[in-house]
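Spelled out, the chains give:
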Amino acid sequence: MSSNHKRRIYVYIFSFLCVGSLLALPGASLTAMARNVRQREDKLWPIFMARGIAYSISSIMGGFLGDKIGLYDRGAHVLMAISMILAAIGIFFAWYAHTIALLAFCTCLASVAMGVLDTIGNVSTLRSCENAAESSSTSGDLSAVHAAFGFGCLLAPTLIAYLGHQLVFFLIALAAFFSGLLLFVTPGVRLDSIVCQQNNSILPKEANIYNKCTAKVIALFFFSFVVSEEI
């Protein structure tokens, strides 16, 4: 395994750890945020609706922009880095928001990172494995990345229990910002001409039908996954 590949995977793992923490933080801090905006908890539903909308838009835009510049050396990393820095800014100021509208806007910025990283981060992980010419490591690397996301979801409420809300907001924002800086300086993936030619080859009709059906099933799964997160 090349050193650049290992470096990329470690950065992706840390980034997904941050995104998991960003996802869990609003729910774990719901009572404290309601106190900050002087509203009951059931009045904070707009922040979760706004977060879902921002996640959907950023996922679509991330996929579109990833198709346009993703094959270039650092394009995907720049997109992910910008999204993580925006998320860091959003989650930092979310603690100081004193209106529901401002709180919803801050959580929207954090959702941008989730949408972009879910789309481009997974593709970049697969491309990095392909570029390293080690197909046996693909499933392990992808599992490690998503395991980090799960640990991040567990980490945020655990830290709140020991450190308090304000400090955890600051620490997670700092970690997300640092993740963005790491993505900026981490070497990107550039597939060689052979892999690109294979990816762009014309597939048989049966394979195209199978791929379309698989994409629809995966889309339904992720739709159910996101809805269950917001309930």
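Predicted, not measured: the structure shown is a model, and the values here were computed from it. (Residues numbered from 1 in each chain as written. Predicted model: local features only at pLDDT ≥ 70, side-chain atom pairs only at ≥ 80, totals over all residues. Heavy atoms only, no water.)

Colleague: It is not clear to me how the overall build of the protein should be interpreted in this structure. Could you clarify?
Modeller: A tally of regular secondary structure across the protein gives nine helices and zero strands. Starting at the N terminus, the α and β elements of the protein follow one another as α-α-α-α-α-α-α-α-α. Here the protein holds 231 residues, and the buried ones make up 43% of them. Considering only contacts within the protein whose residues lie at least 6 apart along the sequence, 83% involve residues at least 24 apart. (Helix = DSSP H or I, 4+ residues; strand = E, 2+ residues; numbered from the N terminus. Buried < 20%, exposed > 50% of the residue type's maximum accessible area, 1.4 Å probe, protein only. Contact = heavy atoms within 4.5 Å.)

Colleague: So what exactly am I meant to see when it comes to the environment of L154 here?
Modeller: Within the element layout of this structure, L154 appears in helix α6 (residues 138–163). Residue L154 is classed as exposed on the basis of its relative accessible area of 53%.

Colleague: I tried to follow unusual backbone geometry on my own but got confused; where do I start?
Modeller: Leaving glycine out, the prevailing phi sign among residues is negative, and the prevailing peptide bond configuration is trans. The phi dihedral of R38 falls on the positive side, at around 60°, and the residue is not glycine. Within the secondary structure, R38 sits in the loop between α2 (30–36) and α3 (45–69).

Colleague: Looking at this structure, how should I read the packing of aromatic side chains?
Modeller: The geometry of an aromatic ring pair is captured by two quantities: the separation of the ring centres and the angle between the planes. Using the criterion set out here, one finds five aromatic pairs in the structure. Ring geometry for F92 versus F170: centroids 6.4 Å apart, planes at 65°, classification edge-to-face. Residue F92 is located in helix α4 (residues 75–94), and its partner F170 is located in helix α7 (residues 165–185); the two are separated by 78 residues in the primary sequence. Between W95 and F169, the aromatic rings sit 5.3 Å apart at their centres with planes inclined by 45°, giving tilted as the arrangement. Here F169 lies in helix α7 and W95 lies in the loop between α4 and α5 (100–131), a separation of 74 residues in the sequence. Look at W95 and you get buried, because its relative accessible area is 13%. Overall, F169 belongs to the buried group, its relative accessible area being 1%. The structure contains a cluster of three or more aromatic residues connected by ring pairs, namely F92, F93, Y96 and F170. (Phe/Tyr/Trp six-rings, centres within 6.5 Å; stacked < 30°, edge-to-face > 60°.)

Colleague: I would appreciate a short explanation of the environment of A101 in the present structure.
Modeller: With respect to the element layout, A101 can be found in helix α5. Exposure remark for A101: the relative accessible area of 60% places this residue in the exposed category.

Colleague: How should I be thinking about the environment of A113 in this particular structure?
Modeller: Summarising the element assignment, A113 is placed in helix α5. In sequence terms A113 and L79 are 34 residues apart; their C-alpha atoms lie 9.5 Å from each other.

Colleague: Just to check I follow, could you spell out α7 for this structure?
Modeller: An α-helical turn contains 3.6 residues, so any two residues separated by three or four positions project in the same direction. The terminal C-alpha atoms of α7 lie 31 Å apart, and with 21 residues this matches the ideal 30 Å at 1.5 Å per residue to within 8%. Looking at α7, one finds that the buried residues are V168, F169, I172, A173, A176, S179, G180 and L183. Viewed end-on, α7 has its buried residues packed into an arc of 130°, placing them on one side of the element. (Expected span 1.5 Å × (residues − 1). Arc of directions from axis to C-beta.)

Colleague: Would you mind going over the nonpolar core with me for this structure?
Modeller: One recurring pattern in soluble globular proteins: nonpolar side chains tend to sit buried together. Among the nonpolar cores identified, the biggest contains 54 residues, and L25, L44, I47, M84 and L103 are the most heavily contacted of them. At the level of elements, α1 (3–28), α2, α3, α4, α5, α6 and α7 are the ones that each hand at least two residues to this core. When residues in this core are grouped by element, the largest group, eleven residues, is from α5. Beyond its immediate chain neighbours, meaning those up to four positions away, L25 contacts I91, A156, I160, V168, F169 and I172. (Core = buried A, V, L, I, M, F, W, Y, C linked by side-chain atoms within 4.5 Å.)

Colleague: How should the confidence of the model for the protein be read in this particular structure?
Modeller: Low pLDDT marks stretches whose predicted atomic positions should not be read closely. Put simply, the protein has an average pLDDT of 79, and 74% of its residues get 70 or more. Within the model, pLDDT remains below 50 along residues 192–203, and this stretch shows seven contacts once partners closer than five positions in the same chain are excluded. (pLDDT = per-residue confidence, 0-100.)

Colleague: I would appreciate a short explanation of the state of the cysteines in the present structure.
Modeller: What makes a disulfide is a covalent bond joining the sulfur atoms belonging to two cysteines. The final tally for this structure, using the stated rule, is zero disulfides. Take C108: it sits in no disulfide, and the sulfur closest to it among the cysteines is that of C106, at 9.1 Å. (Disulfide = S-S within 2.5 Å.)

Colleague: What is the right way to read the packing of α4 against α7 from this model?
Modeller: What describes two packed helices is the angle between their axes and the distance between those same axes. Viewed as axis vectors pointing N to C, α4 and α7 meet at an angle of 165°, and their least axial separation amounts to 8 Å. One way to sum up the angle between α4 and α7 is to call them roughly antiparallel. Of the two elements, α4 crosses α7, and the hand of that crossing is left-handed. Of the residues in α7, those touching α4 at H77, V78, M80, A81, I82, M84, I85, A88, I91, F92 and A94 are F169, F170, A173, A176, F177, S179, G180, L183 and F184. Looking at side-chain class alone, the contact of α4 with α7 contains 17 nonpolar, three polar and no charged residues. (Axes fitted to C-alpha atoms, helices over the stretch in contact; angles between N-to-C directions. Parallel < 35°, antiparallel > 145°, perpendicular 65-115°, else oblique. Left-handed = near helix turned anticlockwise from the far one by under 90°. Nonpolar A, V, L, I, M, F, W, Y, C, P; charged D, E, K, R; others polar.)

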